[in-house]
Each structure stands twice: as C-alpha cells, then as structure tokens.
Amino acid sequence: DIQNEFVYAASLDYSRPKLNAALAFAYTDGPNSGEMEMGLAPYANSDKRIFAYVNSQLDEHMWNGLKTFKLSADYDIGSLFGLPNLLVGASINYGWGLIVPGQSERGTMLEIDYFIAYTFTEGILNGLSASVSPAHLRTDDFYNGVYGKADADDIQFMVSYTKMLK
C-alpha cells in the first residue's frame, strides 16, 4: 500500500549575500513501491507535499531504505573577475542502505553535481541567463538489469531570458 510510504527529511540552510550552503538528510521508507515516485500520479508528488531536500540532477535519491546526506554550496565569484552575478556551485549526495528487491546486499549511491551560471543585469542582454551543469552518479550494488539505476554522467546547458513587464 503506497499510501503508507514516507520520506523523512530535514535541512539546515545557511545564507549570506554571496554564499548559500545547505546540509540535508533524508530517509525513504517505500517498501511497497521500491521508490518514492515524484511524477504526476495522484499518489505521487503532484501536490508537492514531499519537498525533496536531497534531490539532484540525475536522481531524486528516494529509493526504499536509502539514507542520504547532501552537502551543497554556491558562491557569487563575479566580483573577483569584474562580472557580477557569476555563480559557481556544487553538491554532493551520498546515500546508503538502499534495498534492492531480490538482493541481500544494500546498495549505495554517490552523486556530485557542479554548475556555473551567469546572469546579465544591464545592456541589451539584461535578463539573459546561461548555465552549465555537469553531474556524475555512481551506484554500487544497485542495478540488476531491470530494477535500479546504473552509473550515469550528464551535462546540462540552459539559457533563459526574463523580461519585466510594466
């Protein structure tokens, strides 16, 4: 019965004008589904009742039995280069205790995500933002060819434009 599955999570956040950091922990108890689904199904997270403190680029880190620590930080390094709003950051998720159906061993996951982003604040490009975000996921004893997740690498490049309407 997936109505009796839970994610227990907490986060400690620190914020200064140029620095943001967070330390989070989550434990997933999902023995019936195997993974807390974050999709759009009525029983999933379409109402956003689960705030995924340990979410990352390649996985939500919400598999049954998984205990995950996350450490993340970003810093505005733009003033060092005369480019205000140049932001760099990284996050590390380490999870252990993951229960893989049909296996007696418990699996682990490690994900490291990085990003660099820049937002133009003046001139003709005012409101234009661009970011590059590489990510690396490593799993251990957690993929049996059907269930689970294999090692993965990803890089995302995003561009957005924001225009204030008057």
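That block above? That's the structure.
How each quantity is defined
Residues numbered from 1 in each chain as written. Predicted model: local features only at pLDDT ≥ 70, side-chain atom pairs only at ≥ 80, totals over all residues. Heavy atoms only, no water. Phe/Tyr/Trp six-rings, centres within 6.5 Å; stacked < 30°, edge-to-face > 60°. Helix = DSSP H or I, 4+ residues; strand = E, 2+ residues; numbered from the N terminus. Buried < 20%, exposed > 50% of the residue type's maximum accessible area, 1.4 Å probe, protein only. Core = buried A, V, L, I, M, F, W, Y, C linked by side-chain atoms within 4.5 Å. Contact = heavy atoms within 4.5 Å. Salt bridge = Lys/Arg side-chain N within 4 Å of Asp/Glu carboxyl O. Pairing = 2+ DSSP bridges. Axes fitted to C-alpha atoms, helices over the stretch in contact; angles between N-to-C directions.

### Looking at the packing of aromatic side chains
Then step 1. Per the stated rule, a full pass over the model turns up seven aromatic pairs.
Then step 2. Between the aromatic rings of Phe25 and Phe69, the centroid separation amounts to 5.0 Å while the plane-to-plane angle is 55°, which identifies the pairing as tilted. A residue pair is termed long-range when its members are at least 10 positions apart, and Phe25 in strand E2 (residues 19-29) and Phe69 in strand E3 (residues 67-76) qualify at 44 residues.
Then step 3. In this structure Phe25 comes out as partly exposed when scored by relative accessible area, which is 30%.
Then step 4. Aromatic side chains Phe69 and Trp96 sit 5.8 Å apart centroid to centroid with 20° between the ring planes, which places their arrangement in the stacked category. Placement of the pair is Phe69 in strand E3 and Trp96 in strand E4 (residues 86-99), with a sequence separation of 27 residues.
Then step 5. Residue classification places Phe69 among the partly exposed positions, given a relative accessible area of 41%.
Then step 6. On the accessibility criterion, Trp96 (29% relative accessible area) is partly exposed.
Then step 7. Pairwise contacts between aromatic rings join Phe25, Phe69, Tyr94 and Trp96 into one cluster.

### Some thoughts on the nonpolar core
Then step 1. Residues Leu58, Trp63, Leu66, Leu98, Val100, Met109, Ala135 and Leu137 constitute the largest nonpolar core, which totals eight residues.
Then step 2. Beyond its immediate stretch of four places on either side in the chain, Leu58 contacts Glu111, Ala135, His136, Leu137, Lys149, Ala152, Asp153 and Asp154.

### Structural notes on the pattern of salt bridges
Then step 1. Across all of its chains, the model carries one salt bridge by this definition.
Then step 2. Close ionic contact of Asp153 with Arg138 constitutes a salt bridge, the shortest N to O distance being 3.0 Å. Taken together, the positions of Asp153 in strand E7 (residues 152-161) and Arg138 in strand E6 (residues 128-140) put the pair 15 residues apart, joining distant regions of the chain.
Then step 3. Its relative accessible area of 35% is what places Arg138 among the partly exposed residues.

### Observations concerning the sheet that holds E2
Then step 1. In spatial order, the strands read E1-E2-E3-E4-E5-E6-E7; together these seven strands make up an open sheet with antiparallel pairing. The sheet is open, and its two edges are formed by strand E1 (6-15) and E7, each paired on a single side. On average, each strand axis in the sheet is tilted by 10° relative to the strand beside it, whichever way the strands run.
Then step 2. As defined by bridge partners, E4 adjoins strand E5 (residues 106-119) across 13 bridges and the pair is classed as antiparallel. Its bridge partner being in E5, Asn93 is matched across the sheet by Glu111.

### Overview of the pairing of E5
Then step 1. Where E5 meets E6, 10 bridges bridge the pair, whose relative direction is antiparallel. Looking at E6, one finds that Ala117 is bridged to Ser131.

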